[in-house]
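# Fold and contact review
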Amino acid sequence: MFPSVVFALTGLAAWGNGVGAAAQSVITDDTAFYGQSPPVYPSPKGSGTGDWAESYSKAQDFVAELTLEEKVSLTGGVTPNSLCSGIIPAIERMNFTGICLSDAGNGLRSTDFVSAWASGISVGASWNRDLAKKRGVGMAGEFKAKGVHVALGPVVGPLGRVAVSGRNWEGISNDPYLCGALASDTVQGVQSGGVQTSVKHFIGNEQETNRNPEGNVTAVSSNIDDKTMHEMYLWPFQDAVKAGTANIMCSYNRINNSYGCSNSKTQNGLLKTELGFQGFVVTDWYAQHAGVATALAGLDMVMPSKDDFWGSKLVDAVSNGSVPESRLDDMATRIIASWYKLGQDQGFPNTGVGMPADLATPHQRVIGSSAKNKDTLLQGAVEGHVLLKNEKNALPLKSPKLISLFGYSAKSFDAFTPGSGGWNLGSQPLAAADVADNSHSQIAANGTLVSGGGSGANMPAYVSSPASALSQRAYEDGTNMWWDFHSGNPQVDQSSDACIVVGNAYASEGWDRVGLHDDFTDALITNVASQCSNTIVVFHNAGVRLVDQFIDHPNVTALIFAHLPGQDSGRALTSILYGDANPSGKLPYSVPRNESDYGPLQNQTFPDGIYAQFPQSDFDEGVYIDYRAFDAKNITPRYEFGFGLSYTTFEYSDLSVSPVDGADKSAFPSKPVVEGGHEDLWDSLVKVSATVTNTGPVAGAEVAQLYVGIPDAPVRQLRGFAKPVLQPGEAKTVEFELTRRDLSTWDVTAQNWRLQEGEYAVSVGASSRDLPLKGSLTI
């Protein structure tokens, strides 16, 4: 229990009913929504629990030496003289050199001599925890070399509730367990390199449309009931907090009609009290809409500028008692403690030293990239590919004499120089016409995707496109090639051993996708397939892409979702096409047959009716998104969550489900709150194991997945995964531990995680719908 957070929640799930019934005209006054996000005050002081103790002690001594104005200076950005996304100014007399915060979770943006790492969606498709951590270590090295203290990522919100959401690609998966596990590994990897992570966007940031207020229309409100909040959207943030993230970024949207960075329930209640978060909360850029209210609601730092609501105004607010100085002290302490905890007070490069304000003018050359990251960059690209169809022994390719290559995403984009169109926003691959009129195209027709668009984009050191990598392989093997990157109905040489069609599905921050498939690419595929009996389709997809328009064509023999592989895109794809690498990726989301399978969650919410000025997105589906929804509605997807093919085969056997001796199975956790929540939420209650055997002809990695059916919950939910590498004929035992949290549901009355008595179904297999091993456990 959390005594300071107890409040009535009984009306929250149906919060809008009274408003809708009583109002007959457009609501124009925000007071109609007051109270729908419960107030939680005061903002808890950081306690320095666990391994934060030493950094908190140092920070408290540091802050005690500061003037009021100096404390305030730590809480708000100033105009940078670099391309740091945000800057906290130095306090020279205290030997504090300032803080540079920069995008993003997929690699450093807006500079030179760095790398384009595989995006979050590719991390999700890898299902590889070790690789996620190595990626984090590699990215941290680049951020640190450039003098960047805070990496603005990873992304765990959006979780992926809305199919067309423009930023789903920055996130990891729309399953909270998979998302949280890989985010945790990313946090640990990045912070092991002395760089703070900023896990974002907290919380319910599930669409781009109306994410910010504009004119007389507020930002969209994500209306989320307490149970859904805990079991879905808070879950991956909880994992990140447990992993020790130094920073959380609050979101643009409203949550139950209170802005994310002004929301005392989410910041003071969920984050700082319930999860025991010890770091600091920073706004998304320009997401602050009040001054005193945001300080009291738990916000600690505003970006990019202090001047609108804080700065001198915060000095006045503290001086006149509107904001207690103890709250300001806590803000400053959290910020400085994070700086100390990551060792940024010793030996850190000069702030923003590798982030020059203008790359086109003379500047100090700071090399961030490192040859030691080459294998991780390539492996991240490879394992983010998911093989979804492979018939007639289409793949791997077997010494082809002639390959015909088609599609706009096979080539590199035409220009990549500082200041060229979209150079630091991931929009280089967009067609010139789309850039000129700011239209929202479903595809990027000017070249391959290494990332999506917006602040989550990254900066490739080079681009290995499919065309360039296949050309190199053709040179090595003596293969001939034809290609056409523009025509929607190219001529095909009938001597072709294989025809490869490479398309994409583009998405960007700032707008939501206008569809889940496009007619041009679908027609291109069917046109090629009508002339070629071995048509292999590849998508670089920034989110789900529907395929039923062509997938059953008899000449479409293979399908690969390459996702967003980063700078080694072509090299990774070619290694898979030729069998140098065995595909091991699995879908971190489901692929339905039709848009209608999503129901109302296909598209974003718009201002409408009485809510024309206050758009309302009601999460009344609860936890039932993606595979949970398809299972509940008996909808068969084209490709289910967790699905992915290999060039070998695997067999599952020997399921074992064993309770942990002496484990406390009382209804509620009772130990103190540490980082991540009650300490005993992480106690292991049950151990599960199974044997995975490679029954095929080549070595390969298999993602073994554990699903649990909790009483009065979805029929199955992911609760474990492992990825052993197996030689032909080799068998390995995979082991999973089920914690108290894994087996609990959120009790809205008790305001705690409840471990129910009853029988729990346990299943292990290759995907959410291929689960040959079935057992049970009893609590």
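Just above sits the structure.
Residues numbered from 1 in each chain as written. Predicted model: local features only at pLDDT ≥ 70, side-chain atom pairs only at ≥ 80, totals over all residues. Heavy atoms only, no water.

On inspection of all chains with the given rule, the structure shows 24 aromatic pairs. Consider the rings of phenylalanine 539 and phenylalanine 561, whose centres lie 6.2 Å apart with planes at 90°: the pair is edge-to-face. With a gap of 22 residues between them, phenylalanine 539 in strand β14 (residues 535–541) and phenylalanine 561 in strand β15 (residues 556–561) connect regions that are remote in the sequence. Arranged with centres 6.0 Å apart and planes meeting at 90°, the rings of tyrosine 627 and tyrosine 707 form a pair that is edge-to-face. Separated by 80 residues along the polypeptide, tyrosine 627 in helix α18 (residues 626–632) and tyrosine 707 in strand β22 (residues 704–709) bring together distant segments of the chain. By relative accessible area, which is 2% here, tyrosine 627 ends up buried. The exposure class assigned to tyrosine 707 is buried, which follows from its relative accessible area of 1%. (Phe/Tyr/Trp six-rings, centres within 6.5 Å; stacked < 30°, edge-to-face > 60°. Helix = DSSP H or I, 4+ residues; strand = E, 2+ residues; numbered from the N terminus. Buried < 20%, exposed > 50% of the residue type's maximum accessible area, 1.4 Å probe, protein only.)

Right, let's get into the environment of aspartate 597. Position of aspartate 597 among the secondary structure elements: in the loop between α17 (569–577) and β16 (616–618). Through-space distance from the C-alpha of aspartate 597 to that of phenylalanine 630 is 7.8 Å; in sequence the pair is 33 residues apart.

Membership of the largest hydrophobic core comes to 92 residues, with the highest contact counts inside it found for Phe96, Leu101, Tyr233, Leu718 and Phe721. No other element matches the eight residues that helix α12 (residues 325–341) contributes to this core. Each residue touching leucine 718, except ones within four places of it in the same chain, is listed here: Trp127, Asp175, Tyr177, Leu178, Tyr627, Phe641, Gln705, Leu706 and Tyr707. (Core = buried A, V, L, I, M, F, W, Y, C linked by side-chain atoms within 4.5 Å. Contact = heavy atoms within 4.5 Å.)

The next point concerns the sheet that holds strand β25 (residues 731–739). Strand-to-strand pairing in sheets goes through backbone hydrogen bonds, with the strands running parallel or antiparallel. Spatial strand order, β17-β20-β25: three strands in an open sheet with antiparallel pairing. Only two strands of the sheet have a single neighbouring strand rather than two, namely β17 (650–659) and β25. In this sheet, adjacent strand axes meet at a mean angle of 20° when their direction is disregarded. Direction of pairing for β17 relative to strand β20 (residues 684–694): antiparallel, over a ladder of eight bridges. (Pairing = 2+ DSSP bridges. Axes fitted to C-alpha atoms, helices over the stretch in contact; angles between N-to-C directions.)

In spatial order, the strands read β10-β15-β14-β13-β11-β12; together these six strands make up an open sheet with mixed pairing. The strands lining the two open edges of the sheet, one partner per strand, are β10 (386–390) and β12 (480–484). Strand after strand, the sheet turns through a mean of 15° between neighbouring axes, direction not considered. Relative to strand β13 (residues 498–505), strand β11 (residues 402–406) runs parallel, the two sharing four bridges. When the sheet's bridge partners are listed, serine 404 is paired in β13 with cysteine 499. Contacting β11, β12, β13 and β14, helix α15 (residues 466–477) runs over the sheet at an angle of about 165° to β12.

The next point concerns the state of the cysteines. Tallied over the entire structure, the rule returns three disulfides. One disulfide in the model links cysteine 250 with cysteine 261; its S-S distance is 2.0 Å. One disulfide, between cysteine 250 and cysteine 261, carries an S-S torsion of 105° and so falls in the right-handed class. Here cysteine 250, found in strand β6 (residues 247–250), pairs with cysteine 261, found in the loop between β8 (258–259) and α9 (264–274); they are 11 residues apart in sequence, far enough to count as distant. With a sulfur-sulfur separation of 2.3 Å, cysteine 499 is cross-linked through a disulfide to cysteine 532. Between cysteine 499 and cysteine 532 the sulfur-sulfur dihedral comes to about 100°; the bridge is accordingly right-handed. Pair noted here: cysteine 499 is in strand β13 and cysteine 532 is in the loop between α16 (519–529) and β14, with a separation of 33 residues, a long-range link. Classification of cysteine 499 by relative accessible area gives buried; the value is 0%. Here the bonded cysteines of the protein chain are numbered in sequence order, and their pairing is 1-2, 3-4, 5-6. This cysteine, cysteine 179, is not joined by any disulfide, and cysteine 250 carries the nearest cysteine sulfur, 18 Å off. On the accessibility criterion, cysteine 179 (0% relative accessible area) is buried. (Disulfide = S-S within 2.5 Å.)

Summarising the element assignment, lysine 586 is placed in the loop between α17 and β16. Among the polar contacts listed, one links the side chain of lysine 586 to the side chain of glutamate 702, at a separation of 3.3 Å. (Polar contact = N/O pair within 3.5 Å; in protein donor to acceptor, adjacent residues only side chain to side chain.)

With that settled, consider the environment of alanine 581. Mapped onto the secondary structure, alanine 581 falls in the loop between α17 and β16. Look at alanine 581 and you get buried, because its relative accessible area is 15%. Distance in space between the C-alpha atoms of alanine 581 and lysine 774 is 31 Å, their sequence separation being 193 residues. Alanine 581 has contacts with Val382, Ser575, Ile576 and Tyr647, leaving out every residue within four places of it along the chain.

Here we take up the packing of helix α2 (residues 53–64) against α12. In helix packing, the relevant descriptors are the interaxial angle and the interaxial distance, both defined with respect to the helix axes. Viewed as axis vectors pointing N to C, α2 and α12 meet at an angle of 130°, and their least axial separation amounts to 8 Å. Judged by the inter-axis angle, α2 sits oblique to α12. Here α2 runs over α12; the crossing is right-handed. Note on element contacts: α12 touches α2 through Asp329, Ala332, Thr333, Arg334, Ile336, Ala337, Tyr340 and Lys341, opposite Ser55, Tyr56, Lys58, Ala59, Gln60, Phe62 and Val63. Class assignment of the residues belonging to the contact of α2 with α12 gives a composition of eight nonpolar, three polar and four charged. (Parallel < 35°, antiparallel > 145°, perpendicular 65-115°, else oblique. Left-handed = near helix turned anticlockwise from the far one by under 90°. Nonpolar A, V, L, I, M, F, W, Y, C, P; charged D, E, K, R; others polar.)

The next point concerns the packing of helix α7 (residues 226–233) against helix α8 (residues 235–242). Two elements in contact, α7 and α8, have axes separated by 5 Å at closest approach and are oriented at 55°. As judged from the angle between their axes, α7 and α8 are oblique. Residues Met229, His230, Glu231, Met232 and Tyr233 of α7 form the contact with α8, whose participating residues are Trp235, Pro236 and Phe237. Within the contact of α7 with α8, the residues separate by chemical class into six nonpolar, one polar and one charged.

With that settled, consider α17. Where burial is concerned, most of α17 is hidden: eight out of the nine residues are buried. Within the span of α17, buried status applies to Ser569, Gly570, Ala572, Leu573, Thr574, Ser575, Ile576 and Leu577. Against α13 (374–383), α15, β13, β14 and β15 lie the buried residues of α17. One or two residues past the end of α17 sits glycine 579, with phi positive at roughly 80°.

Further remarks concern the pairing of β13. When a strand is regular, its side chains alternate between the sheet's two faces. With eight of its eight residues buried, β13 lies for the most part within the structure. The alternating pattern of β13 places Ala498, Ile500, Val502 and Asn504 and Cys499, Val501, Gly503 and Ala505 on opposite faces, both of which are buried. Sheet topology places β13 next to β14; seven bridges connect them, and they run parallel. Across the sheet, residue isoleucine 500 finds its bridge partner in β14, namely isoleucine 536. Handedness of the crossover joining β13 and β14 through α16 is recorded here as right-handed. (Right-handed = clockwise from strand over helix to strand, strands pointing away.)

All we've got here are geometric facts, nothing functional implied.
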